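Notes for the structure review
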Amino acid sequence: MKIALAQEGENSASLVAATFAAADFLLIYDVENGRVIEALDGRGLPDKEMAFARKTVDADCEALLTGPIAEAPFLVIADEGCVTRYDGRGKTGDDAIAAMKADKLPLIRDHIGGKGCSGEHKATV
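1. Topic: the sheet that holds strand β3 (residues 35-41)
Each strand in a sheet pairs with another by means of backbone hydrogen bonds, the pair being arranged parallel or else antiparallel. Strand order in the open sheet formed by five strands is β3-β2-β1-β4-β5, with mixed pairing between adjacent strands. Each edge of the open sheet carries a strand with a single partner, namely β3 and β5 (84-87). Between one strand axis and the next, the sheet turns through 20 degrees on average, direction left out of account. The pairing of strand β1 (residues 2-7) with strand β4 (residues 63-66) spans three bridges and is classified as parallel. Its bridge partner being in β4, A4 is matched across the sheet by L64. Of the strands in this sheet, β1, β2 (25-30), β3 and β4 are in contact with helix α1 (residues 48-58), which crosses β2 at around 10 degrees.

About the criteria used
Residues numbered from 1 in each chain as written. Predicted model: local features only at pLDDT ≥ 70, side-chain atom pairs only at ≥ 80, totals over all residues. Heavy atoms only, no water. Pairing = 2+ DSSP bridges. Helix = DSSP H or I, 4+ residues; strand = E, 2+ residues; numbered from the N terminus. Axes fitted to C-alpha atoms, helices over the stretch in contact; angles between N-to-C directions. Contact = heavy atoms within 4.5 Å.

Take a look at the structure:
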């Protein structure tokens, strides 16, 4: 299984970004092998959030660990890609991955400014 990490730094020991927009790197992490298999440096990209959203979907990630997400990238990630979003901000990527596996991270249910979604959801990652 692959997951995406929206990180402040270029490895999984760095912090998950406070928001998706604040991430400088998007890491594609292979959970079975326990390692980063690809890193996208967003510094200097003209539309970093959309590039990160598209990469998350194109890499066939099952989950994204990040902070709150703006509407346009959220729609790509959630609607088009059906990627489960977890709020891992403030944790290192490694700690966020462990918390996700233990079902200890809250889900990100809607974009920044959204109305949220109703009903009970249980992610299966």
